[in-house]
Amino acid sequence: MRLLVGSFLLLLVLLASGAAAFTWYLRHAHAGVSARAQPTATEAALATAMRSAAIPAAVRNRTNPVPATPAALHEGMEHYADHCAVCHGNNGSGQTLLGAGMYPKPPDMRLQATQTKTDGELFGYIENGIRLSGMPAFSGAGGTEDESWKLVVFLRHLPQLSATEEQAMEHLNPKSPSELGEEKQEADFLNGGSH
Amino acid sequence: MKRLLLSLSLLASPMAALAHGGLTHVMGTVAAISPTEVDVNTTDGKLAKVVTEGSTKWMKGPSSITEAGVHTGDRVVIHAKPVNGKLVAVEVAVGTASH
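A brief structural summary. (Residues numbered from 1 in each chain as written. Chains lettered and ligands numbered in written order. Predicted model: local features only at pLDDT ≥ 70, side-chain atom pairs only at ≥ 80, totals over all residues. Heavy atoms only, no water.)

Turning next to the pattern of salt bridges. Within this structure, the stated rule accounts for 11 salt bridges over all chains. Close ionic contact of K175 of chain A with E183 of chain A constitutes a salt bridge, the shortest N to O distance being 3.5 Å. Between D188 of chain A and K184 of chain A there is a salt bridge whose closest N-O contact spans 2.9 Å. Separated by four residues within a single helix, D188 of chain A and K184 of chain A lie in helix α11 (residues 177-190), roughly one turn from each other. Note on D188 of chain A: relative accessible area 33%, which makes it partly exposed. Through salt bridges with shared partners, one network takes in E37, D39 and K49 of chain B. (Salt bridge = Lys/Arg side-chain N within 4 Å of Asp/Glu carboxyl O. Helix = DSSP H or I, 4+ residues; strand = E, 2+ residues; numbered from the N terminus. Buried < 20%, exposed > 50% of the residue type's maximum accessible area, 1.4 Å probe, protein only.)

So, about the packing of aromatic side chains. Residues and elements named next belong to chain A. On inspection of all chains with the given rule, the structure shows two aromatic pairs over all chains. Residues F123 and W149 carry aromatic rings whose centres are separated by 3.9 Å and whose planes lie at 5° to one another, so their mutual orientation is stacked. Pair noted here: F123 is in helix α8 (residues 119-128) and W149 is in helix α9 (residues 145-157), with a separation of 26 residues, a long-range link. Of the residues examined, F123 reaches a relative accessible area of 4% and is grouped as buried. We classify W149 as buried; its relative accessible area is 1%. Here the basic side chain of R51 rests over the ring of Y125, its NZ or CZ set 4.9 Å away from the ring centre. (Phe/Tyr/Trp six-rings, centres within 6.5 Å; stacked < 30°, edge-to-face > 60°. Lys NZ or Arg CZ within 6 Å of the ring centre and 35° of its normal.)

Listed per partner, the contact involves 17 residues of chain B and 11 residues of chain A. Interface area for chain B against chain A, summed over the two sides, is near 1,300 Å², with a carbon-plus-sulfur share of 57%. Remark: the boundary between chain B and chain A carries zero salt bridges. Remark: the boundary between chain B and chain A carries six residue pairs in polar contact (both at pLDDT 80 or more). It is strand β7 (residues 75-83) of chain B that provides the largest number of residues to the side of chain B that touches chain A, a total of four residues. Taken together, the residues of the side of chain B that touches chain A break down into eight nonpolar, seven polar and two charged. (Contact = heavy atoms within 4.5 Å. Buried area = accessible area lost by both parts, 1.4 Å probe. Polar contact = N/O pair within 3.5 Å; in protein donor to acceptor, adjacent residues only side chain to side chain. Nonpolar A, V, L, I, M, F, W, Y, C, P; charged D, E, K, R; others polar.)

Our next topic: unusual backbone geometry. All names here are of chain A. Looking along the chain, the bond that leaves Y103 and enters P104 is cis, with omega of 0°. Secondary-structure assignment places P104 in the loop between α6 (97-100) and α7 (112-115). In this structure, L132 is a non-glycine residue whose phi angle is positive, near 55°. Mapped onto the fold, L132 is located in the loop between α8 and α9.

This next bit is on the nonpolar core. Residue and element names in this part refer to chain A. If you look at the biggest cluster of nonpolar residues, it comprises 26 residues, and the most contacted ones within it are Y80, V152, F154, L155 and M169. Where this core is concerned, the elements lending two or more residues are α4 (70-83), α8 and α9. Among the elements that take part in this core, α9 stands out by supplying six residues, more than any other. In this structure Y80 touches A85, H88, G89, N90, G92, M109, L151, F154, L155 and M169, once residues within four positions along its chain are discounted. (Core = buried A, V, L, I, M, F, W, Y, C linked by side-chain atoms within 4.5 Å.)

A packed helix pair is summarised by two numbers, namely the angle formed by the two axes and the spacing between the axes. Residue and element names in this part refer to chain A. For the pair α8 and α9, interaxial distance at closest approach is 9 Å and the crossing angle is 120°. In this view, α8 runs oblique relative to α9, as classed from their interaxial angle. In the crossing of α8 with α9, the sense of the turn from one axis to the other is right-handed. In contact with D119, G120, L122, F123, I126 and E127 of α8, α9 contributes E145, S148, W149, L151, V152, L155 and R156. Residues that form the contact of α8 with α9 fall into these classes: seven nonpolar, two polar and four charged. (Axes fitted to C-alpha atoms, helices over the stretch in contact; angles between N-to-C directions. Parallel < 35°, antiparallel > 145°, perpendicular 65-115°, else oblique. Left-handed = near helix turned anticlockwise from the far one by under 90°.)

A word on the packing of α4 of chain A against α9 of chain A. All names here are of chain A. Between α4 and α9, whose axes approach to 7 Å, the crossing angle comes to 95°. Compared by their axis directions, α4 and α9 come out roughly perpendicular. Contacts between α4 and α9 involve A72, L73, E75, G76, M77, H79 and Y80 on the former and, on the latter, E147, K150, L151, V153, F154, L155 and H157. Here the contact of α4 with α9 is built from residues that sort into eight nonpolar, three polar and three charged.

In this section: the environment of A100 of chain A. Following the sequence through the fold, A100 of chain A ends up in helix α6. In the structure, A100 of chain A is positioned 65 residues away from A35 of chain A in sequence and 8.8 Å away in space, judged by C-alpha atoms.

This next bit is on the pairing of strand β2 (residues 23-34) of chain B. If a strand is regular, its side chains alternate between the two faces of the sheet. Residues and elements named next belong to chain B. Note that β2 and β7 share six bridges and pair antiparallel. Residue T24 lies in a different strand from β7, and its bridge partner there is A80. Pairing geometry for β2 and strand β3 (residues 37-42), over six bridges, is antiparallel. Residue pairing in the sheet places I33 in a bridge with V38 of β3. Adjacent in sequence and paired antiparallel, β2 and β3 are bridged by two residues. (Pairing = 2+ DSSP bridges.)

Shown next as structure tokens:
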């Protein structure tokens, strides 16, 4: 009996000190578990393989039914500048304030890793989102499948995006009232008004 | 209370050098200009030194201009990125009004 109580107490002490050590580790060793960190290569490879596997073959094998016309590209670009650029950046680099603080981070979509994915897979990510990541599902947001396919047309254009196009997109990015106010104030100042 | 004072003072602080999207906005008149630097008397009464580079865009209204089109006394709005404690101009917009 004594032995039993003794080992029970020992177990409690061990558990408590283990929990305390773990908490200390989380707090101090890593200054908290930050989403700013870069996932390790193993973790990234595993997660990418799993989310890729989660796209049904029927979706993966779909080819883009929307032809890559200048009009489709432009619509995709407008939509992207409005809904996607906050995280992915107009140029697709993922170098944005929000993107940099995410775990996993939005990838540079101009690179092979994204561009070699099938149209269907990219479409699948846009429609369904990516679980346990910041990537939202856009299906059911009131848009049609066509809109997502036009986004795929635009994603394919990212590696060739010109500086002029990127600049044009800046005017399509959503702006907060304070940014709009500041823009107006600066324009007034440049036009010779008082400040 | 401290918080309140802080937010009030932030609200009241001059709008000349607001930073967002990673870029600092410098608004004022050109005090001096050289091939590598624009010094600006900001609207809140400070002197801001901004480094310019080959990649700096120079704009007057909707048109691109060159640095030669910017003179002492011109009104400018500069969007600059902080690099190693210096401000490096991404875009310099110069006033459209004559003076």
